[in-house]
Amino acid sequence: MKFVVCLKQVPDPETPASAFKIDAAGKKVVPAQGIAPVVSPFDTQAVEAALRIKDAQGEGHITVLSMGAASARDVIKHALAMGADEGVLIDDPALTDVVDPFVTVKVLAAAIRKIGGVDAVITGRQAADWDWGVTGPGLAEELGMTQATFAKAVTAQNGNLVVERVLGDGFETVSIPTPALVTVSNELGDPRYPQLRQIMAAGRKQVTNYTLADLGLSAADIAPRLTLEKLYIPVKESQVEVIEGETAQEKAANLAKKLREAKLI
Amino acid sequence: MAEGVLVIAEVADGKLNPLTAEMIAAGQRIVGEVGGIVNVAIFGSNAETLAPEAVAAGGDLVYTFAEAQLDEYLTDTYVPAAEMAISVADPAIVLIGQTSNGRDLAPRLAFRLGAGVVMDVTEFSISGGQVSWTRPCYGGNARAVLAVNTPLQIATIRSKSFDPLPADTGRAGDTIPMESGIDAGAVKQKLVSRETAQAEGIRLEDAPVVVAGGRGLGGPEGFKPLEDLANVMGGAVGASRAACDLGWYPPSQQIGLTGKTVSPDLYIAVAISGASQHWAGMANSKNIVAINKDPDSTMVKNARYAIIDDYKNALPALIDEVKKLKG
Ligand SMILES: Cc1cc2nc3c(=O)[nH]c(=O)nc-3n(C[C@H](O)[C@H](O)[C@H](O)COP(=O)(O)OP(=O)(O)OC[C@H]3O[C@@H](n4cnc5c(N)ncnc54)[C@H](O)[C@@H]3O)c2cc1C
């Protein structure tokens, strides 16, 4: 099977709130000092999902695809070190600070068409920066693929993908024909961690660069449907009262009393 | 000309879910300023029985699609059904729930119809007839305010973000039975099985008290005292993603950005550090209590009350004291 896995480089989502800063005038996030950007975590799990199918089938080809700045080469390299076969980076000045996932979908879809003959596209359920959750289903529609979102397990069986999905109130299993698009949720489990030997080998794998012109896209094709009016950090009022007491029992009694007074018990 | 709002209702356990009434209320606020009416589309065999509920919640015109093929959600059936509802209601704005179904449906529908889509809306404002949608991003660390430039706008609404209108059973509203006209040949997804987690007792989203546990519990057995506390307080038990990822508690009980949104009267966070992505699912709780060893954790700093102690000591004591008060 021929896979494309979409990856995004994002500011580390575990950045402590105290280090999270916004440039209000520029309507963008200021990279935190000394905290390196990472592959959006659901995307490493998307790579893992493709690798598990490839391992189980004993054959397959995985192209990892990212739209981003030159630094996004790092996320492609990480996926290649995990075991993906080749990389494609779409880097174009017209794509700096894209907010609208509509633009992302148009660009990634054009690249996937150019790659050609793809049986399955796998993405994370949402990117850990904008948290849109639009790119996966958007690509599925754009490419005319059947979709299955929020996968915790994916297997290939007789040309179909069998996908276990995580729902708000349980799980379901769906079977979808290829070409298909799957979005992966964290329940898939830990992605493999590249070993030194694989990191070295990844250096020899091919990464192709595309611009918008290479994809045959003009500025008009990617005119956004959304306008970002404002980006801000909400204020959290903190007026915590730490409950006093010599022993756990005393603290518990004092808390219970407070909760009783507030009519919460 | 396209105007007004269409709410795609969501049915759970044979009833409209509470989010549907919240979306209808949001829809009324919108049409109050930009004009038009609030249309509601209900899918599934018992759609017609549910229509009066949608009217009482503030729906002006209800389209019912009483078809067994819409009893279970599938992208391939719901996208064309929603398309049909949109073509007859001709709204300017479509509201869909930010649930697992809505998250799957809204983006695909938007690309099918050439609409701009804003996911996970928690607030909006209207000026000069233009809606500005506010949504959390960056794991809940930031808020973005966005306008949609397309004639048709689609927004998904996070639960507990808008208060429902008081149900008014005397309200007038028409119901129009519809047919989706789904082309069976275009339904490619096959549902193999579905397993619903049967939560015992009160549903997490409805519970007045939520006791939630995190990685600091050290193992699945750590949830036992939380269940005991929830029992004596008449509440439900939730978990952080870290605890769910470790397999200590089912993902259906995960609270946060990619889990459930809760807004109980009382939220007791036990051994949870308070990451922004967790906070995203419980920030609207009326009162937050943190039980944590670490006085500097974000959960403690942003709580109303905190007990700084090992949960193994704090919880049995708290269960005991609550029992005493309850007599
Ligand atoms: C894109 C994305 C989406 C995410 N979505 C979610 C989500 O929906 N929900 C969610 O919860 N998280 C989510 N996360 C994960 C989130 O960032 C945190 O990693 C997670 O919430 C941490 O869980 P925790 O607080 O249980 O664990 P930790 O951060 O490890 O905290 C454990 C806490 O337990 C305390 N502790 C330890 N031992 C004891 C003891 N004996 N007694 C008392 N206290 C003790 C510690 O002081 C600490 O505060 C997401 C992350 C990403 C990147």
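Residues numbered from 1 in each chain as written. Chains lettered and ligands numbered in written order. Predicted model: local features only at pLDDT ≥ 70, side-chain atom pairs only at ≥ 80, totals over all residues. Heavy atoms only, no water.

**Re the overall build of chain B**
Part 1 of the argument: Counting its regular elements, chain B contains nine helices and 18 strands.
Part 2 of the argument: Taken over C-alpha atoms, the radius of gyration comes to 21 Å for chain B, in line with the 20 Å a tight globule of 327 residues would show.
Part 3 of the argument: Seen along its three principal axes, the alpha-carbon backbone of chain B occupies a region of about 65 × 45 × 40 Å.
Part 4 of the argument: When each of the 327 residues of chain B is scored for burial, the buried share is 60%.
Part 5 of the argument: Long-range contacts, defined here as pairs at least 24 residues apart, represent 63% of the contacts in chain B between residues at least 6 apart.
Part 6 of the argument: Summing over all exposed atoms, chain B offers an accessible surface of approximately 12,400 Å²; the carbon and sulfur share of this is 48%.
Part 7 of the argument: Across chain B, the centroid of the 26 positively charged side chains sits 7 Å from that of the 37 negatively charged ones. (Helix = DSSP H or I, 4+ residues; strand = E, 2+ residues; numbered from the N terminus. Rg over C-alpha atoms; globule rule 2.2 N^0.38 Å. Buried < 20%, exposed > 50% of the residue type's maximum accessible area, 1.4 Å probe, protein only. Contact = heavy atoms within 4.5 Å. Areas by Shrake-Rupley, 256 points an atom, 1.4 Å probe, with all protein chains shown as cover. Lys, Arg positive; Asp, Glu negative; His and termini not counted. Charge placed at Lys NZ, Arg CZ, Asp CG, Glu CD.)

**Re the overall build of chain A**
Part 1 of the argument: Scanning chain A from terminus to terminus reveals six helices and 15 strands.
Part 2 of the argument: Counting only C-alpha atoms, chain A reaches 65 × 45 × 40 Å along its principal axes.
Part 3 of the argument: Taken across its 265 residues, chain A has 51% of its residues classed as buried.
Part 4 of the argument: Long-range contacts, defined as pairs at least 24 residues apart, comprise 72% of the intrachain contacts of chain A with a sequence gap of at least 6.
Part 5 of the argument: Considering chain A, the positive charge centre built from 27 side chains and the negative charge centre built from 33 side chains are found 1 Å apart.

**Things to note about the domain arrangement of chain B**
Residues and elements named next belong to chain B.
Part 1 of the argument: The domains assigned to chain B are domain 1 (5-186) and domain 2 (204-326).
Part 2 of the argument: For domain 1 versus domain 2, the separation of C-alpha centres amounts to 32 Å.
Part 3 of the argument: With ten residues of domain 1 at the interface, the matching set in domain 2 holds eleven residues.
Part 4 of the argument: Overall, the association of domain 1 and domain 2 removes approximately 790 Å² of surface from exposure, summing both partners, and the carbon and sulfur fraction of that is 40%.
Part 5 of the argument: Considering only the surface of domain 1 that becomes buried against domain 2, Gly139, Arg158 and Lys160 emerge as the three largest contributors, covering 63% of it.
Part 6 of the argument: Connecting domain 1 to domain 2 are zero salt bridges.
Part 7 of the argument: Its residues assigned to classes, the side of domain 1 that touches domain 2 shows two nonpolar, four polar and four charged. (Domains from an automatic or database assignment. Buried area = accessible area lost by both parts, 1.4 Å probe. Salt bridge = Lys/Arg side-chain N within 4 Å of Asp/Glu carboxyl O. Nonpolar A, V, L, I, M, F, W, Y, C, P; charged D, E, K, R; others polar.)

**Observations concerning the environment of glutamine 69 of chain B**
All names here are of chain B.
Part 1 of the argument: Inspection of the secondary structure puts glutamine 69 in the loop between β5 (61-65) and α3 (75-89).
Part 2 of the argument: Each C-alpha atom, one on glutamine 69 and one on leucine 191, is 12 Å from the other, the two residues being 122 residues apart in sequence.
Part 3 of the argument: Contacts of glutamine 69, omitting those with residues within four sequence positions, involve Thr77, Ser180 and Ile182.
Part 4 of the argument: Within polar-contact distance, the side chain of glutamine 69 engages the side chain of glutamate 67 at 2.8 Å. (Polar contact = N/O pair within 3.5 Å; in protein donor to acceptor, adjacent residues only side chain to side chain.)

**A closer look at the pattern of salt bridges**
Part 1 of the argument: With the rule as written, the count across this model stands at 26 salt bridges over all chains.
Part 2 of the argument: Where arginine 192 of chain A meets glutamate 48 of chain A, a salt bridge forms, and the shortest distance between an N and an O atom there is 2.9 Å. Placement of the pair is arginine 192 of chain A in the loop between β12 (180-184) and α5 (196-202) and glutamate 48 of chain A in helix α1 (residues 41-57), with a sequence separation of 144 residues.
Part 3 of the argument: Salt-bridge contacts for arginine 112 of chain B lead to glutamate 83 of chain B; the nearest nitrogen and oxygen are separated by 3.2 Å. Taken together, the positions of arginine 112 of chain B in helix α4 (residues 100-113) and glutamate 83 of chain B in helix α3 put the pair 29 residues apart, joining distant regions of the chain.
Part 4 of the argument: The partly exposed category is assigned to glutamate 83 of chain B, whose relative accessible area is 26%.
Part 5 of the argument: Taken together, the shared-partner salt bridges connect Arg165 and Glu172 of chain A together with Glu72, Asp104 and Arg194 of chain B into one network.

**Some remarks on the site of the ligand**
Part 1 of the argument: Around the ligand, 29 residues are found, and the nearest of them are Arg215, Ser240, Ser273, His278 and Asn292 of chain B.
Part 2 of the argument: Per-site note: the chains with residues close to the ligand are chains A and B.
Part 3 of the argument: Between an oxygen atom of the ligand and a main-chain N or O atom of arginine 215 of chain B, the distance comes to 2.7 Å.
Part 4 of the argument: Between the ligand and glycine 216 of chain B, the relevant distance is 3.3 Å, taken from a nitrogen atom to a main-chain nitrogen or oxygen of the residue.
Part 5 of the argument: Protein burial of the ligand: of its 990 Å² of free accessible surface, 88% is covered by the chains.
Part 6 of the argument: Broken down by secondary-structure element, the contributors of at least two residues to the shell around the ligand are α6 (241-245) and α7 (276-279) of chain B.
Part 7 of the argument: Here the residues of the shell around the ligand are counted per class, giving ten nonpolar, twelve polar and seven charged. (Near = heavy atom within 4 Å.)

**Re the interface of chain A and chain B**
Part 1 of the argument: Each partner contributes to the interface: chain A provides 77 residues, whereas chain B provides 80 residues.
Part 2 of the argument: Between chain A and chain B, a total of about 6,800 Å² is buried, with carbon and sulfur atoms accounting for 58% of that surface.
Part 3 of the argument: Joining chain A to chain B, the criterion identifies six salt bridges.
Part 4 of the argument: In this structure, glutamate 241 of chain A engages arginine 304 of chain B in a salt bridge whose closest nitrogen and oxygen atoms are separated by 4.0 Å.
Part 5 of the argument: Inspection of the chain A/chain B interface yields 40 residue pairs in polar contact (both at pLDDT 80 or more).
Part 6 of the argument: Residue assignment for the side of chain A that touches chain B shows that the elements contributing at least two residues are α3 (101-115), α4 (135-143), β9 (146-157), β10 (160-167), β11 (170-177), β14 (226-232), β15 (241-242) and α6 (248-261) of chain A.
Part 7 of the argument: Pairing of β15 of chain A with strand β18 (residues 305-308) of chain B involves two bridges; the strand directions are parallel. (Pairing = 2+ DSSP bridges.)

**Quick look at a nonpolar patch on the surface**
All names here are of chain A.
Part 1 of the argument: Taken together, Leu196, Ile199 and Met200 make up a surface patch of nonpolar side chains, about 340 Å² in accessible area.
Part 2 of the argument: Take methionine 200: it is sitting in helix α5.
Part 3 of the argument: By relative accessible area, methionine 200 is classed as exposed at 54%. (Patch = residues over 30% accessible without salt bridge, like charges linked within 9 Å, V, L, I, M, F, W, Y side chains within 5 Å.)

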